[in-house]
Every structure is written in C-alpha cells, then in structure tokens.
Amino acid sequence: MIKRILAVFLATAVMAGLLCGCGEATTQSPVASDETTDSSRADQGNEITVGIAQDLDDSLDPNLMTAAGTREVMFNVFEGLVKPNSDGDYVCAVASDYEKSEDGLTYTFTLRDGVVFHNGQSCTAEDVIYSFETCAATSVTSAVVTALSAITDISAQDNVITISLSAPNPDFISYVSSVYIIPKGYTQQATAPVGTGPFRFVSRSVQENFILERNEDYYGEGAKLDKVTYKIYEDNNALFTALNSGALDLVAHLTVDQVNNLSNGYNVLEGTMNLVQALYLNNAVAPFDNELVRKALCYAVDVDSLLSLTAEGHGTKLGSSMYPAFGKYFDPALAEAYPYDVEKAKELLKEAGYEDGFSFTITVPSNYQPHVDTAVVLVEQLKAVGIDAQIQQVEWNTWLTEVYGNRNFEATVCGFDASTLNASALLARWVSDNDKNMINYNNPLYDETFAKAQASADEAEQTELYKQCLEILSDTAANVYIQDLADFVAINPRLQGFEFYPLYVIDMSCLYFAD
Amino acid sequence: MKYIVKKTCTLIITLFIVSLLAFLAFQIIPGDPTTDLLGTEATEEAKQALRQELGLDRPVLVRYFDWLSGFVRGDMGESYNYRMPVRDMLADKLPVTALLTLLSFVFTIALSIPLGIWAGSTRSRIMDLSISALDQIVMSVPPFFLGMLACYFLGNVLKLFVPGNFVSYTVSWSQCLGYLILPALAIAIPRIAMTVKMLRSSIQSQLEQDYVRTSRSRGSSRGKILRRHVLKNALIPVISFLAVSAAEIMTGSIIIEQVFTIPGISRLLLASISNRDFPVVQAIVVVMAAWIVIVNFAADLLYQLADPRIRRL
Amino acid sequence: MKKRADIFLCTGGAICLITVCIIIMGWFWTPYDPTAMDAAAKFSPPSLQHLLGTDNFGRDIFSRVVDGAGTSFVIALCVVAIGCIAGIIIGSLCGYYGGLPDLILTRVCDSITAFPAFLLALVIVSVAGPGTENIILALGILFIPSFARIVRSEFARCRELNYIKSAKIMGAGGFRIMFRHILPNTLPVLLSTVTIGFNNAVLSEASMSFLGIGIQPPYASLGSMLSDSQSFLYSAPWYALGTGGAIVLLILGFSLLGEGLQQKR
C-alpha cells in the first residue's frame, strides 16, 4: 500500500488531486437519512458549510493578513491582475490580457472591462496603481515587497497599465498575482474587506463563523454556490467531531487517522499540502555544525517507517527543499540520497566524535499536530543510534519569536511553503545572509549558485541552477528532509468540482451541487 | 453598612491588583504580538512600525495607566488581531459564558437541594451508604472527562446531539440553550455531588441536635420538624457554598468551552493568550476576576443575612 | 456513622494501595515500552496482548497509562508538598502574628485566587518553559493560598485558646508555640486538606496537560493522553475510556481515604 501510493506520487510528481479510496471512509450513501444531522448540511439551498481548524484572527486587509488559513479563505474574495489556477499557471483575472517585453523589463496589462468591486464601485486603472503602491508600501510579505521594489515606473493610459522594472525578474508575474486589487480610498479593509473575487465578504463572528456570498457582479463565470459559511473550530478534535456528526460539507487538511475514523458518508480526496516538512537543524550550534552529524541524522531517520506510522504511508518523501508541485525542479532521486542505515549513522557519529551519541531538543510549534507527531516518531527512531532527543512544544507565537526570529533553537520540525508560486521563495531563505535563514545555513557554493540562478534570464539554465541548489542542500545534509504531507479533504458526496491548487488555497468558486 | 463599604474597598483593591498582575504577566511572557500579526515574512522595520502604532514602545506603567483610565471610562481598547473594539467582542461572547454559567448554576441548585434533602432525611442505612459512595465516585470524575463521555455516548452512540454544532444566541436562543444543556450538566454534576454531600451531612448533624429531640418528644412529626426547623438551619452553610460554586463554575467553563467548542469568553481568552492579543486578555481577566470577587463577596453577605449570629464576628 | 467511615477508609485505602503499587511497578517494569511504536498494531482494541488496546502510534495504552499515572502522581505529590509547606509557613506567621503583613498577604492570596488559575500557570510555564518541574512550580504556587488560608484561620483560632496564652505567660518563644503547640492541633484539618489538595492537584495537572501546556510528548501524563484521545473518541473509544478511568480511579482512592479520615474525626 505504502509503496504503491508512493509510486503513484513519484510517477506523477505533480499536484494531482488523486481521488483515492480510503478504506471504509469513502463513498457511502449521503447522510441525509441521519435524523440528527443538522439542518446546516446544505440540503436546503445552494449553500455549504465548511469547517476550518483556525479562526481568521488576522487583519483581513489583503496586505496585512499573514495566517495561511486567512489567505486560504480570502483567496475567494481578492484577485490580482492575474491569478494562479489549479495547474500552477497564471490566468488573467482583473487584467484581460498582459504582455511582457523582450528584455523582460516592461509588462503591459490591459484592464478587463466591467470589473466591479464588491461595494459596487467599478475598478479603474487608478485603483490598480493604488493597489500596487499600497502593497509595495504596506505588505507584510517581504518577498513581494522586494520584487515590487524593482518597479521603476507604473503608469496607466486608459485601460492599459504599464509597469517598468529596473532588472528582469523571471518570477515577476507570480508576484503580480500577489498584489490584490482593492478600491482606492477604502479604509475598512481590515474588518470589512472589499475585492473583486467570485465571493464577497458578508460577516465575521469571532471564533464562530465567517460568511461569504456569491458575487453577483463577477465578470467571469463566477461562483456556482450562493453562500459559503466557514465554521470555526480552532481545534482539530472538535472540528473532526462536528464533521463526523455530518454537520459540515467540506473540511480540508485532515490527517489519515481522521479519514479512517470518519464514519459518516463523505467523499475523501487526497492531495498534498505543498510544504517542505523537515527536521530543521540549526547549522550554527554544536553538534549540528558538523556535517557528519547531520548526515548521520539523515541516515538514522527512516522516513518510510515514519510515514507509515503517522499517515499510513501517505505523503511524499522529499530529500531537499522542494515539493513535487514544482515538477520542474523536484527531483525524486534526492529523496533516496540517505537510505535508512543505522550502522552507517553510527559510523558517521563515531567519525564525528559522538560515539556515545548526544542529546538535543526539538522545538515544535504545538498548533499543528502533524509536526508534533513527526517529532514524536523522530525521537523514537533516533534512540536506535544513541541520540537522545527531547521534544519541547511551544506556542506558535513563541516559535516565531524564539526559533524563527532569534534562531534560538537546536532543531525544529515545521513546514515551509512558497507563498508565491515560484521556486526561489523556497530556496532564497538558505542563502547565508538571508534574514529568514533560520538554520544559519552557510555555504558559499550555494550562495553563488543561487545568485547565478536569480540573475539568469534563460529559463532552462535557471531551472538547472535551481536543481543544483537542491542537490547542494541534499549533499551537505542541511536538514533532515522528511515529507510533503498528504492533505485529505472530506467532502459532501453531492458536492462536485473540487480542485487542488499548488498553493494553500481552496477555490470555492469551482464547487457545485450535482443533482 | 460599614462592613459593606469596607468590603467594597477591598474588592476594588483586589481587582486593581489582578489587573496589574495580568498586565505585568505579559511583560514576562516570551513572544511579541507583532510577530504573530506580521508572520514569518515580516521585516524588522515593519515590526517596529507596528509596535509604534500599537503603542508597545512606551513604558509598561504608562501603558497600564492609559489602559486603566480607558477601562474606567468603558473603553477597553482595540484587539490587535481582529482590529475591532474589545468591548464589542466581549459584548458578543460574554452572554454565551454567562448563559452557560447560569444554566449550570440553575442545574446545581435545582438538582442538588431536593437530592440533598432526600439523602439527608433517608433513614435507610444502605441508601445512605450507597448515596455517599455514589457521591464520592461522581466527585472523582473530572468535568472534561464527563464532557467527553457525553460527547461519545450521547453524540456518537445515541446521536442525540451534534458535538461542536453550537448555534449562536443571535440566531436562535432556544437552539443555543439546547446546545448548552450538556456542557452545563458536565460542569454541574460534580458540583451537585459536592452540594448533596454537604447538605446531607448538614441535615444529619442538625437532626442530632437537642432541639430536634425536644420537638420530637413534644409529639411533632419528623417531617414537620424537618420542614420547619432543620432545613432552615441546614441550608445556611449550603447557601454560601452554592454562592462560591457560582465562581467556580465560571472557572470550570474554561475547559468545558474547550471540550464542547463553545465560543464563549474562555475560548477567546485562550486564543488571545496564544496570539498575545493583550487588550482582549486584559479585559477578560478583569471581567472574570470581577465575577469571582463579587460572587465571593455576595457569598459572605448571604451567609450573614441567613445567619444573624455571625454578624457580630 | 463510624461504620461508614470504616468502609470508606478500607475501600479508599485498598484502591490507593493498588494504584500506588501499580505506579511503583511501572517505574521498574511495564508490559511494553511506553514510547515504543508499532505501525502494525495501530488502534488495536483491548485484548490479552494489549490490556487497554493501543493508540495512534501502536503504543500500548496500558503501559502508557501506568507510566502517565506515575507522572501525574509524582507531580501531584510535589505540588501538594510545595503548597502545604509554603502554606503552613505563610499561614502560621499570618495567623499567629496578624497585623499589617497578615492583611497584605491575605489580600495577595485573594488576588491569586481571583486570577484565572490557568492564566497564572500559563505565565509561569511560558516564562520557564514547559516541563515537569515548571508545572510543579506553577501549580505549587497556585496551591499555596488554599493551604495558607486554612492554616491561618486555625492559628488565629488557637492563638486565643487558654493553653497557648498560658504557654506565652510561661515565656515560650513564638516559634516554639507555633510549631510545638499549635501546629499539631491543626493536623486533622490539615490532613483532610492534603487529600483534597492531592485530588485537586491531579485534576489541575490533567486540565493543564489537556489544554496542551503540561507534559511534553512523547512522555505522557493522564491529562495529555486524554487530550490526545479526544481525536480518536469515536474510532478508538478505549483510548479515552482507559485513560479517563485511570484518572477517576486515582482520584477516587484518595477522595475516599480523605472522606473516611474526615468522618472518623
């Protein structure tokens, strides 16, 4: 089972929403027969209730929201000039067309006719320029700010917006998609967001729900559902309990255990989370400053067995800082670079002078159970080579400050994703002087290769260089790379059209009820 | 009267200490609200700017007195995370917790007093033993385990209710109340057991008093003595115990709101602590503390009203 | 009434003896290694191999319950010890000498009681980092007021008694009076407070671990196990039942014992 699913993953090596039969949990009859099933189950009307495991406790301003969970929901409300589709390509959204000049320095966007904001205002070129300026000035995503800082001029003539850059950036269009178009002069974005997306924001009730309604004035095909209510549980157990009782139409990011425990009739879809889960090692502290020790750890960890313990074998082995959604760069061979080998690990430890093993602490953010589970298994596996690891669970906020900010840790299990759809987001952070280089990775060769890749205007060459970067990370055992987690979605069997994105978003506009 | 004035003063002082403690507590907890608000991608400059915007760059005591003067005027500040006035958030969540506490309190009184009287006046040795044994067992079940058992048996096996499917009181009072019954019971049951135990031993010790024997010898019926004299005396210690229970039920809701996912102030408190959303935490802590202190105060007063003999102490 | 007290004492004592024996046995031997994982045996229902079944990592729940009960037990014991000793010192000084320090300390104790206990524990654990010692510290501090209050009122009562007054006239020093003459008299009250305190400590530790700020995985306490088991309540109810049952048993034993002691008085 494990091998087979893995093989499927490696063969496709892209984000494909696999429709997978997961034991008994798959298609049974819909729960309509169940009397206790609450009315919120969307039998009435064209609306659904979605369960989410965290509150949208952010500012809802598109430039200020940070939580992945908030972005996931607000993807349905906001749009950029272009937006990503489920294949990872960029399609026109607020712009009806765009062109890139030969030298890669000028982009021309044609504003689509008849785009109307949720507050009834029509979208003008002025709004677009305002959006770019606001984003460049206030966005909390530093990668976007950096990319936008290369803009030397942005101007509009009627419906045509021209953006000039100081240097070519092959990923520029991906950053354009992150600039959500908002109406000029509207100041309530933080609490009552207004965008151009297929759904409009209706209301938010703290820790209870978040309601979106169909945007009737949407220029395109638009949403098929009339209303989406996100019910907030803030607790995976509670969310699962509610799901199991049949009160919800859609819940994403379930674990395999939860899927197996589902007793109500849901369809279960499997995708991946699109993140790089690893045991991130602080390369600046002993003993992890020693490459031999890091390699020993890689050999000592049995990822296959870990996957079978935590997820019955679901999930994709990685081997470097890249996940399969980026088919262009992902190299499945790297996942096999360090096969499970206790003897080899012990040998390496001996060579490094840690014959009797050592002990260290894994700091794990407590808000995400799969990371905690992985850490628990790692501790057990490392015992076999004489390494005594301790787990310290910390709150997300403490993790951000201490581990991510101050780099005050030995090892941590977490996942990194690319918030914008480009590979450099995943790789830039390991450049030695990058301020997000949490693990203090310091490798001149890597810095040089990455810089070359960034400067390259030729796509094939760039891809090759990025791949080299990944190999360097693997060769030097920068971290113990583990997996891209399997992502299970339980969905009301009558609800059709669900699509997995190579981003952490759920597109509600493609969902519809089949009758 | 003098007593009440004195008590009110200590009450205010206690609240003042609590609010100061809560404020200081967050100076030593590691973690900064701006890291949570700005996430993994933020630059140091952005954090500094936000810190300034939120007023976090000012000294602690200045901020405290600022907050205090606002609070006294009814302005609780604005939530860092949600960017909405804390007062509105509390106004939205407080009724839920209040309802849960009230419901649980009503259950405690409505069930424990008749049960306690019955248990105290029964003359059967075996009944007496089994009641007190049952009492001990029920008291040993943690409320959150009771809640889980209820979720499992009533929610999953018998399918009598849907765990986690809370309906806001703004949508439907009756459905909201219906959902809160089980959690309220989970909090109330151990309390009921305690009250029954207390009332029972209180009645039994009253029944051994001389005045009971005297009235018996005068020919009054047992039931009549029980109703006329014993109950009145036996209820005195129970009343203040029940009043104190009202405070403990409120604290008990912290974990029960978690088990049953009820969006009340306790849940908001927990989330706000981990988000480092100080204005919200601060307001909730003071509200909870005020409730506990006031209820204890009321317990004192009730005790004295019920038994004038204590007043002189 | 004496007979009931005896029954309670006997059953309570028996339950305590059994649980304590099992806990002590657990320090030396458990049927399985409490942290050993077995992918093949995930979620096995209770059987002869696994008395209470296995959890989501295929770990033997019985071994983990025994191990976790040991952790909970030790924590509760230490918490009560801290609360009791500090409470006696504070309470006796306040109760015996009275005056301004008494007033201040009483007020501080009141404030601690009015402070949501969880918040205080969280502050301490956040500052010192999670870990067994810090939970003990956090809960210990929370338990001081309840002991201090009882000791204080006992001391205040005894201070006015004749034999103390005569001891004073005979020139006995303050400490001698406090700890030789008064303290032994408060023992009965103290003893039942200790058993109640022990139960509260078990409960509080379980609550804290239940909310995720207690014992860190892969080690278990009963509370953290119960919290984990919530995810598998429907598919593996034995996980929650076994763990919750253990908590009930641990508390029941001591509460029966305490009740018996109280009634015997």
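If you're wondering where the values come from, they're calculated on a predicted model, not measured in any experiment. Residue numbers run consecutively from 1 along every chain, following the written order of its sequence. Numbering of ligands from 1 and lettering of chains from A proceed in the order in which they are written. With the structure being a predicted model, the display of local features is reserved for residues of pLDDT at least 70 and the display and counting of side-chain atom pairs for 80 or more, all residues being used for whole-chain, interface and lining totals.

### A closer look at the overall build of chain C
Put simply, the rule reads: Working definition: helices are DSSP H or I runs of at least four residues, strands are E runs of at least two. Numbering for both runs from the N terminus. A pair of residues counts as a contact when their C-beta atoms, built from backbone coordinates, are separated by no more than 7 Å.
The helix and strand tally for chain C stands at nine helices and zero strands. Taken from the N to the C terminus, the helices and strands of chain C come in the order α-α-α-α-α-α-α-α-α. C-alpha extents for chain C along the principal axes are approximately 75 × 50 × 30 Å. The long-range fraction of contacts in chain C, counting pairs at least 24 apart against all pairs at least 6 apart in sequence, stands at 69%.

### Here's the deal with the overall build of chain B
We count it as follows: Here a residue counts as buried when 20 or more other C-beta atoms sit within 10 Å of its C-beta, as exposed when there are 12 or fewer, and as partly exposed otherwise, the C-beta atoms being derived from the backbone.
Looking only at helices and strands, one finds 12 helices and zero strands in chain B. From first element to last, N terminus to C terminus, chain B shows the α and β order α-α-α-α-α-α-α-α-α-α-α-α. Based on the C-alpha atoms only, the size of chain B along its principal axes is roughly 85 × 55 × 35 Å. Put simply, chain B has 313 residues, and 43% of those count as buried.

### Quick look at unusual backbone geometry
All names here are of chain A. The residue after A286, namely P287, is reached through a cis peptide bond having omega 0°. By the element assignment, P287 lies in the loop between β14 (276-281) and α8 (291-300). Its identity is not glycine, yet D158 carries a phi of approximately 50°, on the positive side. Mapped onto the secondary structure, D158 falls in the loop between β7 (151-157) and β8 (160-165).

### Topic: the sheet that holds strand β5 (residues 95-100) of chain A
All names here are of chain A. Stated formally: Paired strands are those between which DSSP finds at least two bridges. A fitted line through C-alpha atoms serves as each axis, taken over the contacting stretch for helices, and the angle formed by two N-to-C directions is quoted from 0 to 180°.
Spatially, β5-β6-β8-β7 is the arrangement adopted by the four strands of the open sheet, whose pairing is antiparallel. Pairing within the sheet leaves two strands with one partner each, and these edge strands are β5 and β7. Across the sheet, the mean angle separating the axes of adjacent strands is 15° when strand polarity is ignored. Where β7 meets β8, six bridges bridge the pair, whose relative direction is antiparallel. Paired with S155 across the bridge in β8 is T162. Packing of helix α3 (residues 125-138) onto the sheet brings it into contact with β6 (106-111), β7 and β8, and relative to β7 it is tilted by some 165°.

### Digging into the interface of chain A and chain C
Condition: Only Asp, Glu, Lys and Arg are considered charged in this grouping, and only Ala, Val, Leu, Ile, Met, Phe, Trp, Tyr, Cys and Pro are considered nonpolar; every other residue, Gly among them, is considered polar.
Each partner contributes to the interface: chain A provides 21 residues, whereas chain C provides 16 residues. Elements represented by at least two residues in the side of chain A that touches chain C include exactly α6 (236-244), α7 (256-261), α9 (303-311), α11 (369-383) and β17 (388-394) of chain A. Take the side of chain A that touches chain C: its biggest share by element is five residues, from α11(A). In terms of residue class, the side of chain A that touches chain C is built from seven nonpolar, 12 polar and two charged.

### Describing helix α4 (residues 60-72) of chain B
The criterion, for reference: A helix's residues, less one, multiplied by 1.5 Å, set its expected span.
For α4(B), with 13 residues, the first-to-last C-alpha span of 18 Å sits near the 18 Å given by 1.5 Å per residue. Among the residues trailing α4(B), G74(B) stands out with phi positive, at a value near 90°.

### With respect to the interface of chain A and chain B
Facing the 34 residues of chain A at the interface are 36 residues of chain B. Elements with a contribution of two residues or more to the side of chain A that touches chain B: α4 (142-148), α6 and α12 (396-405) of chain A. The greatest single-element share of the side of chain A that touches chain B, amounting to eight residues, is contributed by α12(A). Looking at the side of chain A that touches chain B residue by residue, the class counts come to 11 nonpolar, 14 polar and nine charged.

### Digging into the pairing of strand β20 (residues 486-491) of chain A
All names here are of chain A. Counting buried positions over the six residues of β20 gives six, a clear majority of the element. Bridge count for strand β12 (residues 250-254) against β20 is three bridges, and the pairing is antiparallel. Paired with L254 across the bridge in β20 is F488. As paired elements, strand β13 (residues 267-272) and β20 share six bridges and run antiparallel to each other. Counted as the bridge partner of N267 is I491 from β20.

### Side note on the packing of helix α5 (residues 86-121) of chain B against helix α8 (residues 173-207) of chain B
All names here are of chain B. The cut-off we apply is this: In this scheme the handedness of a crossing depends on how the near helix is turned from the far one: anticlockwise by less than a right angle means left-handed, clockwise means right-handed.
Packing of α5 against α8 leaves a shortest axis separation of 7 Å and a crossing angle of 35°. For the element pair α5 and α8, the recorded crossing hand is right-handed. Residues belonging to the contact of α5 with α8 are distributed by class as follows: 20 nonpolar, eight polar and two charged.

### Focus on the packing of helix α7 (residues 174-210) of chain C against helix α9 (residues 237-264) of chain C
Residue and element names in this part refer to chain C. Here is the rule we go by: Here roughly perpendicular refers to angles of 65 to 115 degrees, roughly parallel to angles under 35, roughly antiparallel to angles over 145, and oblique to all remaining angles.
Between α7 and α9, the shortest axis-to-axis distance is 8 Å and the interhelical angle comes to 165°. Looking at the two axes, α7 sits roughly antiparallel to α9. By crossing handedness, the relation of α7 to α9 is classed as left-handed. Residues L191, S192, T195, I196, F198, N199, V202, L203 and A206 of α7 pack against I247, L250, I251, F254, S255, L257, G258, L261 and Q262 of α9.

### As for the nonpolar core
Our working definition: Definition of nonpolar core: a set of buried Ala, Val, Leu, Ile, Met, Phe, Trp, Tyr and Cys residues joined via C-beta atoms within 7 Å.
Core analysis: the largest hydrophobic core is formed by 311 residues, its most contacted members being C469(A) and A490(A). The element that contributes the greatest number of residues to this core is helix α2 (residues 61-97) of chain C, accounting for 17 residues. Filtering out sequence-adjacent residues up to four positions away, A490(A) remains in contact with L243(A), V251(A), L254(A), V259(A), L262(A), Y266(A) and V268(A).

### Considerations on the sheet that holds β14(A)
Residue and element names in this part refer to chain A. Here we have six strands laid out as an open sheet, ordered β15-β19-β14-β18-β16-β17, and mixed in their pairing. Of all the strands in the sheet, the pair left with one neighbour each is β15 (316-317) and β17. In the sheet, β15 pairs with strand β19 (residues 480-484) via two bridges, with the strands oriented antiparallel. In the sheet register, T316 faces β19, and the bridge partner there is D484.

### Let's talk about the pairing of β6(A)
All names here are of chain A. What you see with β6 is a clean split: Y107, F109 and L111 sit on the buried side and T106, T108 and T110 on the side with no burial. Two successive antiparallel strands, β5 and β6, enclose a turn made up of five residues, where G104 displays a positive phi of approximately 75°. Pairing of β6 with β8, which is carried by five bridges, proceeds in the antiparallel orientation. Among the inter-strand pairings, T106 is bridged to a residue of β8, identified as S164.

### What to know about the confidence of the model for chain B
Test applied: For every residue, the predictor assigns a confidence score, pLDDT, that lies between 0 and 100.
For chain B, per-residue confidence averages 82 on the pLDDT scale, and 95% of positions sit at 70 or higher. The element-level mean pLDDT for chain B is lowest in helix α2 (residues 33-38) of chain B, coming to 72, with α5(B) highest at 90.

### So, helix α1 (residues 2-28) of chain B
The terminal C-alpha atoms of α1(B), which comprises 27 residues, lie 40 Å apart, in line with the 39 Å expected from a rise of 1.5 Å per residue. Listed in full, the buried residues belonging to α1(B) are T14(B), V18(B), S19(B), A22(B), F23(B) and A25(B).

### Re the confidence of the model for chain C
Should the pLDDT be low somewhere, the predicted coordinates at that spot are not to be read in detail. All names here are of chain C. Taken as a whole, chain C shows an average pLDDT of 83; of its residues, 94% reach a score of 70 or greater. No element of chain C has a lower mean pLDDT than helix α4 (residues 117-128), which averages 70, and none a higher one than α2, which averages 90. On the interface metric, ipTM, the complex scores 0.82, and its pTM is 0.81.

### Details of the environment of F278(B)
All names here are of chain B. One can find F278 in helix α12 (residues 278-306). Sequence separation between F278 and R83 is 195 residues, and the spatial gap between their C-alpha atoms is 12 Å. Each residue touching F278, except ones within four places of it in the same chain, is listed here: F26, P33 and Y80.

### Looking at the environment of L306(A)
All names here are of chain A. With respect to the helices, strands and loops of the structure, L306 is situated in helix α9. Linking L306 and I173, residues 133 residues apart in sequence, is a C-alpha distance of 38 Å. Those residues in contact with L306 that lie beyond four places of it in its chain are V301, T374, V377 and I482.

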